[in-house]
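# A closer look at the structure
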Amino acid sequence: MSDESHVEARLAALGLTVPQVTVPLAAYIPAVRTGNLVYTSGQLPMINGALAATGKVGGAVSAEEAAELAKICALNAIAAVRSVIGDLDKVVRVVKVVGFVASAPDFTGHPSVVNGASNLLKEAFGDAGVHARSAVGVAALPLDSPVEVEMIVEVAD
Amino acid sequence: MSDESHVEARLAALGLTVPQVTVPLAAYIPAVRTGNLVYTSGQLPMINGALAATGKVGGAVSAEEAAELAKICALNAIAAVRSVIGDLDKVVRVVKVVGFVASAPDFTGHPSVVNGASNLLKEAFGDAGVHARSAVGVAALPLDSPVEVEMIVEVAD
Amino acid sequence: MSDESHVEARLAALGLTVPQVTVPLAAYIPAVRTGNLVYTSGQLPMINGALAATGKVGGAVSAEEAAELAKICALNAIAAVRSVIGDLDKVVRVVKVVGFVASAPDFTGHPSVVNGASNLLKEAFGDAGVHARSAVGVAALPLDSPVEVEMIVEVAD
């Protein structure tokens, strides 16, 4: 516990653990730092290397389920950030979040889905977790994932 | 008038007013500044809190109508930037614009739609409004919006 | 040959040439530099001003063909970067890549498609070409392009 960041302690109080990152198989990595910014790769709702669900939101997956999946994506995005900065308490600000929602054609409730990610980030980082955001509905996502979340955070020197 | 930026004066000459931002209901905000960059949230064609139109481009919404909606999105993105920097004349450069177009399956005229945003930014900021851009067609957007526009601008110290 | 960057020499060894950029027709440009970052516009698989293919991936276009198209997009993104920095050896790091794949509804192999871009960037820039990445499936792309790739690179002072 003594090595744990305040961020991780706050998540632990919610019963959440920042996972280890899975190294992608291709020529890309979970996150890259440039200057004081860290850009994450798009994160899927993976738990222990397997997707927590598949299918389109508004079809096989409900908006409520999708919000929970977006929360898992955000947790994986936090893990991606940790993989390059080590100590999550170095995060000064979550700058931008983009949430991609694999949508049934008539689904328009994307904001409530991506709120699953936004709210988790607020819980993890407090006021520093409040970000700019885009939520969009896409045709399909890798491995038939219902949700994908990427983010940019500012970190201390 | 005396408090108005040159940017707003140029827009006023076109009959356009930078609106007040609507504060989002979830844990995100219209824009965030990090260093000299401001990232906006994805902006919908909202006028006084209501979508100016709904539906898919190439379906219920024509490309010409959608270009006009993209212009409203860009105006809202300018408002989002103003909400964090106050004076729009601090904008040094519009760096990047992404335009998401909710598309009927056979619609491929996304560039002309997003030109509605690009041209407005050029009119508002002059040469500093010329940006890098991505235009993509998506399955669906929040609240059945036909268009969503996000941008990154560089601002003076 | 003497004016050629090491990056271009590595690509030449693969039989690839960085093309000249086509200037877009609207109020945007192929890439913009802000500080030490260069943001490219979304790049289509254009060869000499014409799309190398059209159609949806998983439909008229196979995943293998699409990966080859993503490689062309990446080459055009390199050209876009060169248009603003001149010497490609100034690239310190490829920070982020987003690959948009125009997808048939049941197509979920987006990662292998975008690998076409990721692998090319690794070949061009070596370890500096390894980036964060998002791969998403979209409804449709400009001009019925099967793939679109944008990137952010960090450049030396």
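Presented here is a report on the structure given in the accompanying data block. Within each chain, residues carry numbers counting from 1 in the order of the written sequence. Chains carry letters and ligands carry numbers; both start at the beginning, A for chains and 1 for ligands, and go up in the order they are written. Confidence filtering applies because this is a predicted model: local features only for residues at pLDDT of at least 70, side-chain atom pairs given and counted only at 80 or more, and all residues used for totals across whole chains, interfaces and linings.

## Some details on the sheet that holds strand β6 (residues 132–138) of chain A
Residues and elements named next belong to chain A.
- We call two strands paired when DSSP finds no fewer than two bridges between them. Secondary structure counts use DSSP, requiring at least four H or I residues in a row for a helix and at least two E residues in a row for a strand, with both numbered from the N terminus. With respect to topology, 5 strands assemble into an open sheet ordered β1-β2-β7-β5-β6, the strand pairing being mixed. With one partner strand each, in any of the chains shown, β1 (31–34) and β6 form the two edges of the open sheet. Across the sheet, the axes of successive neighbouring strands diverge by a mean angle of 15°, strand direction being ignored.
- Two strands pair when backbone bridges link them, and strand β2 (residues 37–40) and strand β7 (residues 147–155) are joined in this way by 3 bridges, in the antiparallel orientation. Pairing of V38 across the sheet is with V153, part of β7.
- Strands in contact with helix α2 (residues 63–85) are β1, β2, β5 (91–102) and β7; relative to β7, the strand with the most contacts, it is inclined by about 40°. The angle between two axes is taken between their N-to-C directions and runs from 0 to 180 degrees, where each axis is a line fitted to C-alpha atoms and a helix contributes only its stretch in contact. Here, residue contact means that the backbone-derived C-beta atoms of the two residues sit within 7 Å.

## Overview of the relation of the copies chain C and chain B
- Mapping chain C onto chain B leaves a residual RMSD of 0.0 Å; the transformation is a rotation of 120° accompanied by 0.0 Å of translation along its axis. The two molecules are tied by a three-fold rotation axis, judged by turn and shift.
- Of the interface residues in chain C, just 9% have counterparts in chain B that sit at the interface too, so the contact is made through distinct surfaces. Least squares is used to superpose the copies, and the fit set is the C-alpha atoms of residues whose pLDDT is at least 70 in both copies.

## Some thoughts on unusual backbone geometry
- The backbone of A:D144 shows a phi angle near 65°, a positive value even though the residue is not glycine.
- For A:D144, the location among the structural elements is in the loop between β6 and β7.
- Put simply, a residue is buried when 20 or more other C-beta atoms lie within 10 Å of its own C-beta and exposed when 12 or fewer do; between those, it is partly exposed, and each C-beta is set from the backbone. Residue classification places A:D144 among the partly exposed residues on the basis of 17 C-beta atoms within 10 Å.
- One non-glycine residue, B:N48, lies in the positive phi region at around 50°.

## Notes on the packing of helix α1 (residues 6–13) of chain B against helix α3 (residues 110–125) of chain B
All names here are of chain B.
- Where α1 contacts α3, the axes come no closer than 7 Å and their chain directions differ by 120°. In terms of axis orientation, α1 runs oblique to α3. Judged by residue contacts, V7, R10 and L11 of α1 engage E123, A124 and F125 from α3.
- Only Asp, Glu, Lys and Arg are considered charged in this grouping, and only Ala, Val, Leu, Ile, Met, Phe, Trp, Tyr, Cys and Pro are considered nonpolar; every other residue, Gly among them, is considered polar. A breakdown of the residues in the contact of α1 with α3 according to their chemical character gives 4 nonpolar, no polar and 2 charged. With respect to orientation, any angle under 35 degrees is reported as roughly parallel, any angle over 145 as roughly antiparallel, any angle of 65 to 115 as roughly perpendicular, and every other angle as oblique.

## Considering the sheet that holds strand β6 (residues 132–138) of chain C
All names here are of chain C.
- The sheet built from 5 strands is open, its strands ordered β1-β2-β7-β5-β6 with mixed pairing. The sheet terminates laterally at β1 (31–34) and β6, the two strands that pair on one side only. The average angle at which neighbouring strand axes cross in this sheet is 15°, direction not considered.
- As paired strands, β1 and strand β2 (residues 37–40) are joined by 4 bridges and run antiparallel to one another. Bridging from a neighbouring strand, V32 pairs with Y39 of β2.
- Its contacts with the sheet put helix α2 (residues 63–85) on β1, β2, β5 (91–102) and β7 (147–155), and the angle it makes with β7 is roughly 40°.
- Where helix α3 (residues 110–125) meets the sheet, its contacts fall on β5, β6 and β7, and the angle it forms with β5 comes to roughly 160°.

## A short note on the interface of chain A and chain C
- Counting residues at the interface gives 22 residues for chain A and 28 residues for chain C.
- For the side of chain A that touches chain C, the secondary structure elements donating two or more residues are β1, β2 and β7 of chain A.
- Tallied by class, residues from the side of chain A that touches chain C come to 14 nonpolar, 5 polar and 3 charged.

## Looking at the interface of chain C and chain B
- Each partner contributes to the interface: chain C provides 22 residues, whereas chain B provides 28 residues.
- The element contributing the most residues to the side of chain C that touches chain B is β1(C), with 3 residues.
- Looking at the side of chain C that touches chain B residue by residue, the classes come out as 14 nonpolar, 5 polar and 3 charged.

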